[in-house]
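Results of the structural survey
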Amino acid sequence: MTLTTDTAPEDARGGVPDPETAAETLVCQSADEFYLPPGREAIGRFCERFLNENALTPSELLHSARHQTSLSNHPLFVSMIQQAERAQGRRLGTLNALVNDVAKQTRDRARDWPIPEVAPGTYEAVIAEVLSRDAAFTGRFLVDAALALHIQTARTFAEKAEMLLDLASGTEDPDALAPIDQFLAEIIRAESGMASLGGETPFVPLVEAIVALAAGDAELPGTLPLPLRQLETLVRRAPMPLIADALMVAFRRELAKPDRFATNGGDLFGVETVQRELMTLAAMAQRLRSGDGYLGGPKTEAAFQRRMSLLVSEDTLPEMVKGRSFIQKLRTLFAMQAMPLAPNSKRAVDEYLKSYLDSREFTSRVLDCWKERSDKLKGLAEVQKMILDSSFMPEDREYLAQLVDETQNAFIRTHRLLAALTSKVDPSPDTVLDMVKLAAEGAFCVGKSRTAVARALYRQVHRPRFIRTFLLSAPNGKERGARASWLKASLSMVGVPFIDMGALRVLVVDDEEGPRMYVESVLRDLGVGTVHLACDGQEALERFEGDDQRYHLIICDWMMPKVSGLEVLKSIRAARPELPFLMVTALATRQAVERAIVAQVTAYIAKPFTPDQLEDKVLMVLTQKAGL
């Protein structure tokens, strides 16, 4: 037998139609299969009217001959059975045999199997004893029957939930918590059950409570009814998968109601009301995100789409952004686009956004939103980021993002914002830092704009003057490290690698002590953290071979006894072809240079040289390796 669980008629179920749309099918070949969770859910759907009227769960109905008799005498019982038969395409009357079999087995089991009594202090031990004798169907039937017996005196769903939660409060065993999970989930799934748990709680705080319970991201206010707060305690301390699923069913049911999350002086369809409604829905959608989807799966997304499609259309969009600044309109529309809209609403938002972004007036309208140049840059970058994070088709995202980048790049050129950084005269460190700060704030668009800024900054932040002023002037090592970390993170925003001189390890090789100490002094003054000295090529190779990965740069004299600088270069190239190698030579002849180039020297510097010349050469070699 096949029960399709999503087609119970409204007159049989009562209340607001369930928003679920995907068919959930259970194939029942015997009465026992009605006791499986999908079978109980099917009973809950087709018998919802009866269950709500009597504050019963499907599990109670399955374990009580008295309630089954009451159901068979209900005026709508025959129509419920016939509706189920029609839903599965069966002949009328064919389900009666299974229903009668369930009733007979319930009476026989109640007579033959003693149902244990449970109480808050003994529940876990009683369940453990029952399941130790039989963990299969009989044991599970007795456990459910015990719970049904325990809550039979309660008159409302809320009272039943409190009794179940009292049992759970002192229970840790998952096997004992599982049937409580089932019973509570059935209460939450029932519309009247959730209403009973919520008491007099209005629509908005009730939905907020359901979302908080499902997402686990907020504490319930103490003003909510006790059953909801007890439920919160339970789901926070133990996995309750059926309750989690039932909460999403309850959420989708509430979302299908006509109640609003926001009102505007009684105007349920006012522009501000619709905007607040959408923002509330977007916030809820974000809280209920799970991986690439939503808690509750595609049904939750579909529920959001159904509700939002009533609010967002090509007719309502112009009114919703009316009176806002250009950037506020874009922010509002991109926020709407990120919502789980229905396809027609999504198309309306996409087309409306494109009409703004691809218009002739875009440049002037977006730049007029701010007064300061820095704010204009950051505003354009914000617009591009919204485009890149949007749900436009990839080709549309690329085209529109490029459009914004070209607007910013033209603005940078027109106002000569990089002129100071690209001139032959070194700019002041403060000028460089101002541009670095803008980079840190994400002020530059991906594309031509960011590339131009990156090239200018890369050149300037590795100049000796800037390094001395910004880094080496720090009062202590901790502050210097903090500045270096900030600079590195800021430059990374525009793709610029920063060479922290304090973290470098350099090997200086020279057979003469004077030149060797002179180079070391210049490197120390430049802020290089570690400088090792070698008195000849042989010692240099021994140091290198001891750990060939520890050095970032080698500065080596050419003319040395034992092993020449050229021989050192060739040996090092065999192990690390990419290691920067600066050759120091008094023989800056064409022939010598060609020999060094053949051996793959990174650069050379001719003696004698000033400290500034050596610093420039060292930074040139290091930045040449990092590349931009």
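What comes next concerns the included structure. Remember, predicted model here, so these are calculated numbers, not experimental data. (Residues numbered from 1 in each chain as written. Predicted model: local features only at pLDDT ≥ 70, side-chain atom pairs only at ≥ 80, totals over all residues. Heavy atoms only, no water.)

Take the overall build of the chain next. For the chain, the helix and strand inventory stands at 33 helices and 9 strands. Expected size for 628 residues packed as a compact globule is a radius of gyration near 25 Å; at 37 Å, the chain overshoots this value by more than 25%. Each of the three principal axes of the chain carries a C-alpha extent, and together these read 110 × 65 × 45 Å. When contacts within the chain are restricted to residue pairs at least 6 apart in sequence, long-range pairs at least 24 apart make up 67% of them. Put simply, the chain shows about 29100 Å² of open surface, and 52% of that area lies on carbon and sulfur atoms. (Helix = DSSP H or I, 4+ residues; strand = E, 2+ residues; numbered from the N terminus. Rg over C-alpha atoms; globule rule 2.2 N^0.38 Å. Contact = heavy atoms within 4.5 Å. Areas by Shrake-Rupley, 256 points an atom, 1.4 Å probe, with all protein chains shown as cover.)

In this section: the pattern of salt bridges. Considering all chains together, one arrives at 35 salt bridges under this definition. Between Asp32 and Arg109 there is a salt bridge whose closest N-O contact spans 2.8 Å. With Asp32 in the loop between strand S2 (25-27) and helix H2 (37-46) and Arg109 in helix H7 (residues 96-112), the pair connects residues that are 77 residues apart, well separated along the chain. Residue Asp32 is classed as partly exposed on the basis of its relative accessible area of 29%. A relative accessible area of 10% means that Arg109 is categorised as buried. For Arg45, the salt bridge identified is with Glu41, shortest N-O distance 3.4 Å. (Salt bridge = Lys/Arg side-chain N within 4 Å of Asp/Glu carboxyl O. Buried < 20%, exposed > 50% of the residue type's maximum accessible area, 1.4 Å probe, protein only.)

All right, on to the sheet that holds strand S6 (residues 530-534) then. Strands sit in the order S6-S5-S7-S8-S9 across an open sheet of 5 strands; the sheet is parallel. Each edge of the sheet is formed by a strand with only one pairing partner; in this case those strands are S6 and strand S9 (603-606). Ignoring which end each strand starts from, the neighbouring axes of this sheet average 20 degrees apart. As paired elements, strand S8 (residues 581-585) and S9 share 4 bridges and run parallel to each other. Bridge assignment links Val584 to a residue of S9, and that residue is Ile605. Set on the sheet, helix H29 (residues 513-526) makes contact with strand S5 (505-509), S6 and strand S7 (553-557); between it and S6 the angle comes to about 175 degrees. Sitting on the sheet, helix H31 (residues 565-575) is in contact with S7 and S8, with an inclination near 170 degrees to S8. (Pairing = 2+ DSSP bridges. Axes fitted to C-alpha atoms, helices over the stretch in contact; angles between N-to-C directions.)

Another aspect to go through is the pairing of S5. Looking along a regular strand, one sees side chains alternate from face to face of the sheet. Of all the 5 residues making up S5, 4 are buried; the element is thus mostly covered by neighbouring parts of the structure. As judged from the 5 bridges shared by S5 and S6, these two strands associate in the parallel manner. Bridging from a neighbouring strand, Val506 pairs with Val531 of S6. After leaving S5, the chain enters H29 and then returns to the sheet as S6, a path that is right-handed. (Right-handed = clockwise from strand over helix to strand, strands pointing away.)

What follows covers unusual backbone geometry. In this structure, Pro608 follows Lys607 across a cis peptide bond, with omega equal to -10 degrees. Inspection of the secondary structure assignment puts Pro608 in the loop between S9 and helix H33 (611-626). If you check the backbone angles, Ala55 has positive phi at about 50 degrees while not being a glycine. With respect to the helices and strands, Ala55 occurs in the loop between helix H3 (48-54) and helix H4 (58-62). Residues other than glycine seldom take positive phi values, yet Lys562 does so here, at roughly 65 degrees.

Our next topic: the environment of Lys448. Position of Lys448 relative to the elements: it lies in helix H26 (residues 448-461). Taking the C-alpha atoms as reference, Lys448 lies 8.8 Å from Gln408; in sequence the two are 40 residues apart. Once residues lying within four places of it in the same chain are set aside, the contact partners of Lys448 are Asp405, Glu406 and Asn409.

End to end, helix H10 (residues 157-169) covers 18 Å across 13 residues, agreeing with the expected 18 Å (1.5 Å per residue, within 8%). Residues of H10 that are buried: Phe157, Ala158, Lys160, Ala161, Leu164, Leu165, Leu167 and Ala168. (Expected span 1.5 Å × (residues − 1).)

What follows concerns H31. Those residues of H31 that fall on the buried side of the exposure criterion are Gly565, Leu566, Val568, Leu569, Ile572 and Arg573. Viewed end-on, H31 has its buried residues packed into an arc of 155 degrees, placing them on one side of the element. Among the exposed residues of H31, those pointing more than 90 degrees away from its buried face are Lys570 and Ala574. In this structure, the buried side of H31 is in contact with helix H30 (537-546), S7, S8 and helix H32 (590-598). (Arc of directions from axis to C-beta.)

On to the packing of aromatic side chains, then. The tally for this structure, following the rule as stated, stands at 14 aromatic pairs. Ring geometry for Tyr35 versus Phe137: centroids 5.5 Å apart, planes at 90 degrees, classification edge-to-face. Remark: Phe137 occurs in helix H9 (residues 137-150) and Tyr35 occurs in the loop between S2 and H2; sequence separation between them is 102 residues. On the accessibility criterion, Tyr35 (6% relative accessible area) is buried. Ring centres of Phe203 and Phe261 lie 5.0 Å apart, and the angle between their planes is 40 degrees; this geometry places the pair in the tilted category. (Phe/Tyr/Trp six-rings, centres within 6.5 Å; stacked < 30°, edge-to-face > 60°.)

Remark: helix H11 (residues 174-189) packs on helix H12 (residues 191-198), axes separated minimally by 4 Å, with the N-to-C direction vectors making an angle of 95 degrees. One way to sum up the angle between H11 and H12 is to call them roughly perpendicular. Contacts from Ile187, Ile188 and Arg189 of H11 reach H12 at Glu191, Gly193, Met194 and Leu197. For the contact of H11 with H12, the class distribution of residues is 4 nonpolar, 1 polar and 2 charged. (Parallel < 35°, antiparallel > 145°, perpendicular 65-115°, else oblique. Nonpolar A, V, L, I, M, F, W, Y, C, P; charged D, E, K, R; others polar.)

Residue position: Asp181 is located in helix H11. We note that Asp181 is buried and unpaired, the nearest opposite charge coming from Arg189 at a distance of 9.3 Å. With near-sequence residues (within four places) excluded, Asp181 lies in contact with Met240, Pro241, Leu242 and Ile243. (Lys, Arg positive; Asp, Glu negative; His and termini not counted.)

So, on to the state of the cysteines. Applying the stated criterion to the full structure yields 0 disulfides. Not part of a disulfide, Cys369 finds its nearest cysteine sulfur in Cys445, a span of 14 Å. The partly exposed category is assigned to Cys369, whose relative accessible area is 26%. There is no disulfide at Cys556, and the cysteine sulfur nearest it, in Cys535, is 12 Å away. What makes Cys556 buried here is its relative accessible area of 0%. (Disulfide = S-S within 2.5 Å.)

This brings us to the environment of Gln230. As for its position among the elements, Gln230 is in helix H14 (residues 226-237). Sequence-distant contacts of Gln230, that is, excluding residues within four places in its chain, are made with Glu162, Leu165 and Asp166.

Right, let's get into empty space enclosed by the protein. On inspection of all chains with the given rule, the structure shows 2 cavities of 30 Å³ or more. In this structure, the largest cavity occupies an estimated 50 Å³ of space. For the largest cavity, the full set of lining residues is Asp426, Pro427, Ser428, Pro429, Val432, Gln460, Arg463, Arg465 and Phe466. At the level of elements, helix H25 (429-440) and helix H27 (464-472) are the ones that each hand at least two residues to the lining of the largest cavity. Here the residues of the lining of the largest cavity sort into 4 nonpolar, 2 polar and 3 charged. In this structure, the second largest cavity occupies an estimated 30 Å³ of space. Lining the second largest cavity we find Val508, Val509, Asp510, Val519, Ile555, Cys556, Asp557 and Val584. For the lining of the second largest cavity, the secondary-structure elements that each account for two or more residues are S5 and S7. When residues of the lining of the second largest cavity are assigned to their parent elements, the largest contribution, 3 residues, is made by S7. Its residues assigned to classes, the lining of the second largest cavity comprises 6 nonpolar, no polar and 2 charged. (1 Å grid on protein atoms, 1.4 Å probe; cavity = no way out; pocket = protein on both sides within 12 Å on 5 of 7 lines; lining within 4 Å. Points joined across faces, edges and corners; volume = space filled by probe spheres on them.)

That's the geometry; what it means functionally is another story.
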